Amino acid sequence: MINRRKFLESAAALGIIGALPTKVLKAGNSKTSLGKSYKLPIILSTWSHGIGANDESMKVLESGGSVIDAVEKGVMIPEGDPNNHSVGLGGYPDITGKVTLDASIMGPDGNAGGVCYLENIVHPISVARKVMEDTPHVLLSGSGALKFALEKGIKEEDLLTEEAIKGWKEVLKKENKTPEINWEEKHNELHDTIGLIAIDTKSDLAGACTTSGLAAKLRGRVGDSPIIGAGLYVDNEIGAATATGMGELVMKTLGSFLVVEMMRNGASPQEACEKAIKRIVDKVLNHKKYQIGLLALSKTGEIGAYSIQPGFYYALFAEGENKLFKAKSYYKIHTNQ
Ligand code: ASP
């Protein structure tokens, strides 16, 4: 019988794009998406939950909304989806059973905001936006971030679902607690951070990144997603980048900032993603155990996508089509198995 990976590979070879009859969308033919300038607007995001997020983002742009509205509203889709166990509602909890969320947002004016270690709020991205717009700060954490959200009229809600508790218990049983890479591909279940970057028809760029972080992480652990320059970076003169995967590796190399700086120095988005992944491979000793996926979007409408391990998918909405692609990777076969 054809197994799931083989099926995905054949689907990719045939260039099948779009929905398959499973919980998770899978497809890919990366050749069609790289090395060209798309007409604006463009929305680019991580993993298959990016398809729904991109749809919502594009709706905002098409109805005349700003690029910052578009990125916020886009990532609110996976945040509000209880079947998505890595973002917002229904996210897998930390080692103590509490769901804690990280998010960041950055706009074309260079302004940025974030929240981390935030509990009981379905849409941390909206709190991050309020930090950006209503305070002189960039990052609020934990109880302070929650207090701020409540003061802004955002409602508190229990984020822990029955299904998330079940999945979390399975994670706790595992002897090897190293986070599983490409969760989505292995479990056919939505997983990992949503990082979404967008450019509108005026060539304005913005990005949003939101996650419940690693399943069963230590209490208090914060990942790359709320850290400007790590999980997300936008420079309206150059481009935008976002990251997913083992946040510690991205934080050690300031992955998204690195990608945008490389673009500033002349690299295409694809070259920049490849060089940044190479930097992680060269500098982070234990990188073989983990996955990192990087996405980049340039001011001129080119995109880039690259990962350490095979199996990183991204959603691209450009020129009227919203499709899923498989990124090229540094290693051609998994190095953590
Ligand atoms: N980057 C996220 C973190 O380390 C996790 C992920 O993308 O799955 O918190």
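Report follows, based on the coordinates. A quick note: this is a predicted structure, and the numbers were derived from the prediction, not measured. (Residues numbered from 1 in each chain as written. Predicted model: local features only at pLDDT ≥ 70, side-chain atom pairs only at ≥ 80, totals over all residues. Heavy atoms only, no water.)

1. Some points on the pattern of salt bridges
Rule in force here: Think of a salt bridge as a Lys or Arg side-chain nitrogen and an Asp or Glu carboxyl oxygen that are within 4 Å of each other. Counting from the N terminus, the helices are the DSSP runs of H or I reaching at least four residues and the strands are the DSSP runs of E reaching at least two. Accessibility here uses a 1.4 Å probe with only protein chains present; expressed as a share of the type maximum, an area under 20% marks a residue as buried, one over 50% as exposed, and anything in between as partly exposed.
One pass over the full model with this rule turns up 16 salt bridges. For Glu248, the salt bridge goes to Arg221, with nearest N and O atoms at 2.7 Å. Taken as a pair, Glu248 in helix 8 (residues 247-253) and Arg221 in the loop between strand 6 (205-211) and strand 7 (232-235) lie far apart in primary sequence, 27 residues in all. Glu248 gets classed as partly exposed once you look at its relative accessible area, which sits at 23%. Among the ionic pairs, Lys323 bridges to Glu321, the shortest N-O distance being 3.2 Å. For Lys323, a relative accessible area of 24% translates into the label partly exposed. Judged by its relative accessible area of 44%, Glu321 is partly exposed. Overlapping salt bridges, with partners in common, bring together Asp69, Glu72, Lys73, Arg129 and Glu133 in one network.

2. Description of the nonpolar core
We apply this condition: Only buried Ala, Val, Leu, Ile, Met, Phe, Trp, Tyr and Cys residues count toward a nonpolar core, and they belong to the same one when joined by side-chain atoms within 4.5 Å.
Residues Val259, Ile292, Tyr314 and Leu316 are the most contacted members of the largest nonpolar core, which totals 56 residues. For this core, the leading source of residues is helix 10 (residues 269-283), giving six residues. Of all hydrophobic cores here, the second largest spans 33 residues; its members include Leu61, Ile105, Leu146 and Ala206.

3. A look at the packing of helix 9 (residues 255-264) against helix 10
Each pair of packed helices can be summarised by the angle the axes make with each other and by the distance between the axes. Applied cut-off: To obtain an axis, a line is fitted to C-alpha atoms, over the contacting stretch when the element is a helix, and the angle between two such axes runs from 0 to 180 degrees between their N-to-C directions. Angles below 35 degrees are treated as roughly parallel, those above 145 as roughly antiparallel, those between 65 and 115 as roughly perpendicular, and all remaining angles as oblique. Should the near helix be turned anticlockwise from the far one by less than a right angle, the crossing is left-handed, and should it be turned clockwise, the crossing is right-handed. Contacts: residue pairs with any heavy atoms within 4.5 Å of one another. Gly is placed with the polar residues, together with every amino acid not listed as nonpolar (Ala, Val, Leu, Ile, Met, Phe, Trp, Tyr, Cys and Pro) or charged (Asp, Glu, Lys and Arg).
Where helix 9 meets helix 10, the closest approach of the two axes is 8 Å, and the angle between their N-to-C directions is 130 degrees. Comparing the axis directions of helix 9 and helix 10 gives the class oblique. The way helix 9 lies across helix 10 gives a crossing that is right-handed. Residue-level inspection shows Leu258, Val259, Met262 and Met263 of helix 9 in contact with helix 10, the latter providing Pro269, Ala272, Cys273, Lys275, Ala276 and Arg279. The class makeup of the residues in the contact of helix 9 with helix 10 is eight nonpolar, no polar and two charged.

4. Remarks on the sheet that holds strand 11 (residues 313-318)
Quick reminder of the rule: Pairing between strands is defined by DSSP: at least two bridges between the two strands are required.
In space, the eight strands of this open sheet follow the order 4-3-2-6-5-1-11-12, with mixed pairing throughout. Unpaired on one side and paired on the other, strand 4 (139-141) and strand 12 (321-326) mark the two borders of the sheet. Between one strand and the next, the sheet's axes are offset by a mean angle of 10 degrees, whatever the strand orientation. Both strand 3 (residues 112-118) and strand 4 contribute to a ladder of three bridges, which runs parallel. Its bridge partner lying in strand 4, Val115 is registered against Leu140. Lying over the sheet, helix 2 (residues 49-62) contacts strand 1 (42-46), strand 5 (194-199), strand 11 and strand 12, oriented at roughly 155 degrees with respect to strand 1. On the sheet, helix 4 (residues 124-134) packs against strand 2 (101-106), strand 3, strand 4 and strand 6 and is oriented at approximately 135 degrees with respect to strand 3.

5. With respect to helix 9
Where burial is concerned, most of helix 9 is hidden: seven out of the ten residues are buried. For helix 9, the full list of buried residues reads Gly255, Ser256, Leu258, Val259, Val260, Met262 and Met263. Contacts from the buried residues of helix 9 go to strand 7, strand 8 (239-245), helix 8, helix 10 and strand 9 (292-298). Just downstream of helix 9, Gly266 is the residue with a positive phi angle, here 110 degrees.

6. As for the site of the ligand
We apply this condition: The criterion for a residue being near a molecule or strand is simple. One of its heavy atoms has to lie within 4 Å of it. Think of a polar contact as two N or O atoms within 3.5 Å of one another; within protein, one of them needs to be a possible hydrogen donor and the other a possible acceptor, and neighboring residues in sequence only count if both atoms come from side chains. Using a 1.4 Å probe, accessible areas were evaluated by the Shrake-Rupley method; residue-level cover was limited to the displayed protein chains.
Contacts to the ligand come from Asp192, Thr193, Gly213, Arg221, Gly223, Asp224, Ser225, Thr244, Gly245 and Gly247. Asp224 has a polar side-chain atom sitting 2.7 Å from a nitrogen atom of the ligand. Alone, the ligand offers 270 Å² of accessible surface; in the complex the protein occludes 98% of this.

7. Things to note about the packing of aromatic side chains
Going by this rule: Only the six-membered ring of Trp is used, alongside the rings of Phe and Tyr, when aromatic pairs are assigned; centres must lie within 6.5 Å, and planes under 30 degrees apart are stacked while those over 60 apart are edge-to-face, with the rest tilted.
Enumeration over the complete set of coordinates arrives at four aromatic pairs. On the numbers, 5.2 Å between centres and 75 degrees between planes, the contact of Trp47 with Phe312 is edge-to-face. A residue pair is termed long-range when its members are at least 10 positions apart, and Trp47 in the loop between strand 1 and helix 2 and Phe312 in the loop between strand 10 (303-307) and strand 11 qualify at 265 residues. This pair shows no difference in class: Trp47 is buried, exactly as Phe312 is. Ring plane angle 85 degrees and centroid distance 4.9 Å describe the contact between Tyr233 and Phe257, whose orientation is recorded as edge-to-face. Placement of the pair is Tyr233 in strand 7 and Phe257 in helix 9, with a sequence separation of 24 residues. A residue is classified by how much of its surface remains accessible, and Tyr233, at 17% relative accessible area, is buried. Its relative accessible area of 30% is what places Phe257 among the partly exposed residues.

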